[in-house]
Amino acid sequence: MKTVVVNHKEIKREWYLVDAEEVVLGRLASKVSQILRGKGKPAFSPNQDHGDNVIVINADKIRVTGNKADQKEYFRHSTYAGGGKTRTLRQQMELDSTKVINDAIHGMLPKNTLGRAMIRKLHTYSGPTHPHEAQNPKVLSLD
């Protein structure tokens, strides 16, 4: 058997629309990361980007299980001494709910140049509207 390497110009990319309303954050992130990687395609190979574009709407209406809303923390640092700050998931959702979904999905992608190219195909919006109607996205059910 020979290894098939697909030319990047021959890769067909689709657009998918995912409604995050009342969907558990981890389940949403795992499904969307698989689509961004292109794992469902027959020509998938881990060293190429075969993924599709994904639009996530209603990011402010996601669901988390257990006590994660108050226990899960997001850490950031200003690079100055003593510049570390933390926020809970609930506080981060109030400030920017799209960052919560982006961080969860980004954590499930490869940590290299390929992963950075994949995360660029993710478009997250906190409300029900998005500016990508011209791409005719297919509605994707996560059930």
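Please read these numbers as outputs of a predicted model, since none were measured by experiment.

## Digging into the pairing of strand β3 (residues 73-77)
The side chains of a regular strand alternate between both faces of the sheet.
Now for step 1: As defined by bridge partners, β3 adjoins strand β4 (residues 84-88) across five bridges and the pair is classed as antiparallel. Considered in β4, the bridge of Phe75 is made with Thr86.
Now for step 2: Linking β3 back to β4 in an antiparallel pair, the connection comprises six residues, with Thr79 at a positive phi of about 70 degrees.

## A short note on the environment of Pro131
Now for step 1: On the secondary structure map, Pro131 appears in the loop between β5 (122-124) and β6 (138-140).
Now for step 2: Exposure remark for Pro131: the relative accessible area of 63% places this residue in the exposed category.
Now for step 3: Measuring from C-alpha to C-alpha, the distance between Pro131 and Ile55 comes to 9.8 Å, with 76 residues separating the pair along the chain.

## Structural notes on the nonpolar core
Now for step 1: Within the largest apolar cluster, 23 residues are counted, with the highest numbers of intra-cluster contacts made by Leu28, Val32, Val54, Val56, Ile101 and Ile105.
Now for step 2: Sorting the residues of this core by element identifies β1 (15-19), α1 (25-37), β2 (53-57), α4 (97-106) and α5 (113-119) as the ones contributing at least two each.
Now for step 3: Counting residues per element, this core draws most heavily on α1, which supplies six residues.

## As for unusual backbone geometry
Working note: non-glycine residues mostly have negative phi, and peptide bonds are mostly trans.
Now for step 1: Phi angles above zero are rare outside glycine, and Asn58 is one such case at about 60 degrees.
Now for step 2: Note that Asn58 resides in the loop between β2 and α2 (68-71).
Now for step 3: Owing to a relative accessible area of 5%, Asn58 belongs among the buried residues under this scheme.

## What about the sheet that holds β5?
Now for step 1: The strand order β5-β2-β1-β6 describes an open sheet built from four strands, whose pairing is parallel. What marks the edges here is a single partner per strand, and that holds for β5 and β6. Strand-to-strand twist in this sheet, taken as the mean axis angle between neighbours without regard to direction, amounts to 25 degrees.
Now for step 2: With three bridges connecting them, β1 and β6 associate as parallel partners. Residue Tyr16 lies in a different strand from β6, and its bridge partner there is Lys138.
Now for step 3: Across the sheet, α1 lies against β1, β2, β5 and β6, angled at about 155 degrees from β2, the strand it touches most.

Calculation criteria
The residue count restarts for each chain, going from 1 along the sequence in the order it is written. Confidence filtering applies because this is a predicted model: local features only for residues at pLDDT of at least 70, side-chain atom pairs given and counted only at 80 or more, and all residues used for totals across whole chains, interfaces and linings. Hydrogens are left out, water is left out, and the side-chain values use all remaining heavy atoms of the structure. In this analysis, strands are considered paired if DSSP registers two or more bridges between them. Per the convention used, a helix needs a DSSP run of H or I reaching at least four residues, while a strand needs a run of E reaching at least two, with both numbered from the N terminus. To sort residues, take the accessible area from a 1.4 Å probe on protein chains only and compare it with the maximum for the residue type: under 20% means buried, over 50% means exposed, and anything in between is partly exposed. To define a nonpolar core, start from buried Ala, Val, Leu, Ile, Met, Phe, Trp, Tyr and Cys residues and group those joined through side-chain atoms within 4.5 Å. Where helices are involved, their axes are fitted lines through C-alpha atoms of the stretch in contact, as for all axes, and angles between N-to-C directions lie from 0 to 180°. By the convention used here, residues are in contact when the closest approach between their heavy atoms is within 4.5 Å.

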